[in-house]
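Observations on the three-dimensional arrangement
The primary structure of each chain is shown beneath.
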Amino acid sequence: MKKLLIFALFLLGLGWAISNFSGLATRGTYDSIVLDFKESLGKAQIEQEIQAIARQYQVTPHLNSAFSGSDNVYLIKGNGVLLNTLRHSHLARATEFIEPAYIYSIPEIISATPEPGSQGLTAPASAESPAIRPQIGAPNDPDYHKQWNFRAINIEAAWSETHGQGITIAVIDTGISPVPDLQQTQFVKGYDFVNDREDATDDNGHGTHVAGTIAQSTNNHLGVTGIAYEAKLMPLKVLSAEGGGTTADIAEAIKFAADNGADVINMSLGGGGESQLIKEAIDHAHRKGIVLVAAAGNANQNSASYPARYPRVIGVSALDAMGNKAPYSSFGAGVDISAPGGSTADGNVAGGILQNTLDPQTGHSLFAAFQGTSMAAPHVAGVAALVKATGVSNPDEVAEVMKQAALKVKDDGLNHFGSGKLDAAAAVKLATQGKITFRDFFRWLRDNGYLNPRFWIDGGAVALLPKLAMVLGSYLLAFLLRNYLPFTAPLAWGLVTGSSGLFFLRCISLFDAPQWPLRLLGSSIPELGGAIQGSSVLNPIFASVLVPVGLLALFWGHPRAKWFAIGSTLGVAACLLISALVSPTLVWLGEGMVARLFLLVNALLCFGLARLAVSDERRTA
Amino acid sequence: MSIQVKGTIDRQGFGPGTWALVTESGETYELHTVPDELKHAGLTVKVSGQVKKDVMTFAMIGPVLEVQGFEILNS
């Protein structure tokens, strides 16, 4: 009985679904009807039928094209009423079929031309504007060609996957004004924490510019483009017209964003000291799954400013149009990734980031090229929105996707670039593939509270495997001479000093402190040449047999220190050998065969020297 | 924290522009509540004011110095 009931319900549901299925046919539009006459009819009979139709229905039948004559396919102007009439007339017997001539078209791209006077400082247009459909290739915004910054992050390939639909990005800044090139961008309710009101329009121009990078209306035949242009913006004003705001307001804005459905928060601001209030707000937002992005700062200093340096905030340094660190950009501890921030030094407007904003003096719309880590952060926030739109929801995974997909910079001893240069296409691709692995053990350690947040751990600062190979290699060389060597502490220290140094120290930075002492301690003897300036390129004076010779000469008379010197010599041999195999890059000698040969020869010389020293030691003992 | 800083007024190109005070040793302060008399790049001045630790800015060029008094040394 139960089965029968279920079966009846199934049939009922199926019948309802079929009766409500509109079918593809009803979706199309048509203003013509196709008549396909049977081929068995003669030419003369078809001609008679055509003339009869023309008289009866006041239409002019015509062949669909020059190729339709042999198939007897005719078109007449008509609508649904005529279609029904024809299908029920005697023509039904004379034709193969009578059907609507559907009109197929490419979805129209909705264009927007700003209304005169639309640049006033009223509340942002609400979210009702129609969605802009994607198109393949470059967008139709006339000044897109000036956006070198978007080409630098491979935005077009990312756009073929997503435009950030369904994602909300909170812009914590000077507010956002509805300038013409934001007219088709969708907004959600924001707040002005400076003046305590709901209307969060901009009175400076900075926030509107930042918002433009994230979601400028795109494919609207106007101005420039934005990264996640189908995402929604949440304007949160915390900075006054002068450009400053209190940590209390910023913390409240972060909480507002977290509690009102934001997915990504962009903070192109920084400075001041540590604030427990902001830290708690950040933790609250992170718990709610929000990706937080902040600018590293424009003081060209070692260490990002707050809030970029807080754990769980992605700190962004700025690149110029050449892909170098922008001259003003802060770097070092707290920088997770780099993105275009531009440089307008010496009045080079083309080197800045171009977006639609407003003139703070007049309130009128203008397209302006700004520079700053303020401009770099929204690139990352926009790409974070794209990544989130592909379905990656965990903020740590979103960050990891962007970091792993970033274009790596090989020699980045001072951490100018974090994990690399932002690549939107690679990030979206990685996100859609869904193969994200947390490989950064050091950051995991930090995030899980094992280390004080005043330290910055850069897991990418050291290539771990070659370092381990160097230490093991030095022990292997020592093992070859085991008959001569006493495995004492000085020898062990020597092996480490020569081969790898206390390399994990290179991963640690202290905020606001010079980094070179830790780099020096974290370097092996061959690396000392570049330790102060933070270069990973070896200096041939240090990366050679010279220092081991000096150490042996210096400590030969000392009963314990000589073992340190011998250990160091073996360590240097291992280091040079591994460097020759893995990354033979030397100052003056380059990275080719000459460098490789130089390192190999010196590695052999070091091993030979150590062997000579221990055999001499044994003879004299 | 109230301090007195001697340096040169500079207009730095972040956002629509920011007033800065650059000391002889190269330290940069971001000036806030700047009186019109100080809004001239190149002025050598002595500014007294408070460093605002609880203020963040979009310029991010250095500590925020809220101007309370000033003396123009030369233009």
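Per chain, the residues get numbers from 1 upward, laid out in the order the sequence is written. To read the labels, note that chains go from A and ligands from 1, taken in the order they are written. A pLDDT threshold of at least 70 governs which residues receive local features in this predicted model, and a stricter bar of 80 or more applies before side-chain atom pairs are shown or counted, although totals over entire chains, interfaces and linings include all residues. With hydrogens and water stripped out, all remaining heavy atoms of the structure feed into the side-chain values.

This part takes up the interface of chain A and chain B. Any pair of residues with heavy atoms lying within 4.5 Å of one another is described as a contacting pair. Listed per partner, the contact involves 32 residues of chain A and 17 residues of chain B. Note on definitions: buried area is the accessible-area loss of two parts on being combined, 1.4 Å probe, summed for both. Taking both sides of the interface into account, the surface hidden between chain A and chain B amounts to around 1800 Å²; carbon and sulfur atoms contribute 61%. Of all residues in chain A, E242(A), N298(A) and Q371(A) bury the most surface against chain B, accounting for 27% of the area lost on that side. N or O atoms within 3.5 Å of each other form a polar contact, as long as, within protein, one can give a hydrogen and the other can take it, and as long as residues adjacent in sequence are counted only when both atoms are side-chain atoms. There are 11 residue pairs in polar contact (both at pLDDT 80 or more) connecting chain A and chain B. Under the DSSP-based scheme used, a helix requires at least four consecutive residues in state H or I and a strand at least two consecutive residues in state E, with every element numbered from the N terminus. Elements with a contribution of two residues or more to the side of chain A that touches chain B: β9 (244-246), α8 (247-259) and α10 (373-389) of chain A. For the side of chain A that touches chain B, the element with the highest residue contribution is β9(A), accounting for 3 residues. Here the term charged refers only to Asp, Glu, Lys and Arg, the term nonpolar to Ala, Val, Leu, Ile, Met, Phe, Trp, Tyr, Cys and Pro, and the term polar to all other amino acids, Gly among them. Residues belonging to the side of chain A that touches chain B are distributed by class as follows: 11 nonpolar, 20 polar and 1 charged. When DSSP finds at least two bridges between two strands, those strands are taken to pair. Here β9(A) runs beside strand β5 (residues 55-57) of chain B; their pairing, made up of 3 bridges, is antiparallel.

Our focus in this paragraph is a nonpolar patch on the surface. Every patch collects residues that have over 30% relative accessible area and no salt bridge, joining them within 9 Å if they carry like charges and within 5 Å if they are nonpolar side chains (Val, Leu, Ile, Met, Phe, Trp, Tyr). Here the Shrake-Rupley method, with its probe set to 1.4 Å, supplies the accessible areas, and only the displayed protein chains count as covering residues. Any Lys or Arg side-chain nitrogen found within 4 Å of a carboxyl oxygen on Asp or Glu counts as a salt bridge. A cluster of nonpolar side chains, I541(A), F542(A), L546(A), W588(A), L589(A) and V594(A), forms an exposed patch at the surface whose accessible area comes to about 610 Å². Structurally, W588(A) can be placed in the loop between α19 (561-582) and α20 (593-620).

This paragraph deals with the side chain of D263(A). All names here are of chain A. By the element assignment, D263 lies in the loop between α8 and β10 (264-267). Only protein chains enter the accessibility calculation, which uses a 1.4 Å probe. A residue is then buried if its area is under 20% of the maximum for its type, exposed if over 50%, and partly exposed in between. Only four residue types enter the charge count: Lys and Arg as positive, Asp and Glu as negative, with His and the chain ends excluded. Among buried charged residues, D263 stands out as having no salt bridge; its nearest opposite-charge side chain is K388, 4.2 Å away. Not counting chain neighbours up to four residues away, the residues in contact with D263 comprise G166, I167, T168, G289, I290, V291 and K388.

Residues and elements named next belong to chain B. The strand order β1-β2-β3-β6-β4 describes a closed barrel built from 5 strands, whose pairing is mixed. In this sheet, adjacent strand axes meet at a mean angle of 50 degrees when their direction is disregarded. Note: strand β3 (residues 28-32) against strand β6 (residues 64-74), 3 bridges, orientation parallel. What sits directly across from H32, in β6, is E66. Here, axes are lines fitted to C-alpha atoms. For helices the fit covers the stretch in contact, and angles between N-to-C directions go from 0 to 180 degrees.

Oppositely charged side chains may form a pair once their charged atoms are brought near each other. All names here are of chain A. The full count for this structure, using the stated rule, is 10 salt bridges over all chains. A salt bridge links D259 to K288; its shortest N-O distance comes to 3.1 Å. Separated by 29 residues along the polypeptide, D259 in helix α8 and K288 in the loop between α9 (276-287) and β11 (291-295) bring together distant segments of the chain. Taking relative accessible area as the criterion, D259 reaches 45% and is therefore assigned partly exposed. Taken together, the shared-partner salt bridges in this structure form one network comprising K279, D283 and R312.

So, about the packing of helix α18 (residues 546-555) of chain A against α19(A). Residues and elements named next belong to chain A. Interhelical geometry of α18 versus α19 gives an angle of 170 degrees and a closest axis separation of 8 Å. In terms of orientation, α18 lies roughly antiparallel with respect to α19. Residues P548, L551, L552 and F555 of α18 form the contact with α19, whose own contacting residues are A561, K562, F564, A565, I566, S568, T569 and V572. Among the residues forming the contact of α18 with α19, the class breakdown is 9 nonpolar, 2 polar and 1 charged. Oblique is the label for every angle not falling under 35 degrees (roughly parallel), over 145 degrees (roughly antiparallel), or within 65 to 115 degrees (roughly perpendicular).

Residue and element names in this part refer to chain A. Take G323: it is sitting in the loop between β12 (313-319) and β13 (337-340). On a C-alpha basis, the gap between G323 and A339 in space is 8.7 Å, while along the polypeptide they are 16 residues apart. When near neighbours in sequence (up to four residues on either side) are disregarded, G323 contacts F417 and K421.

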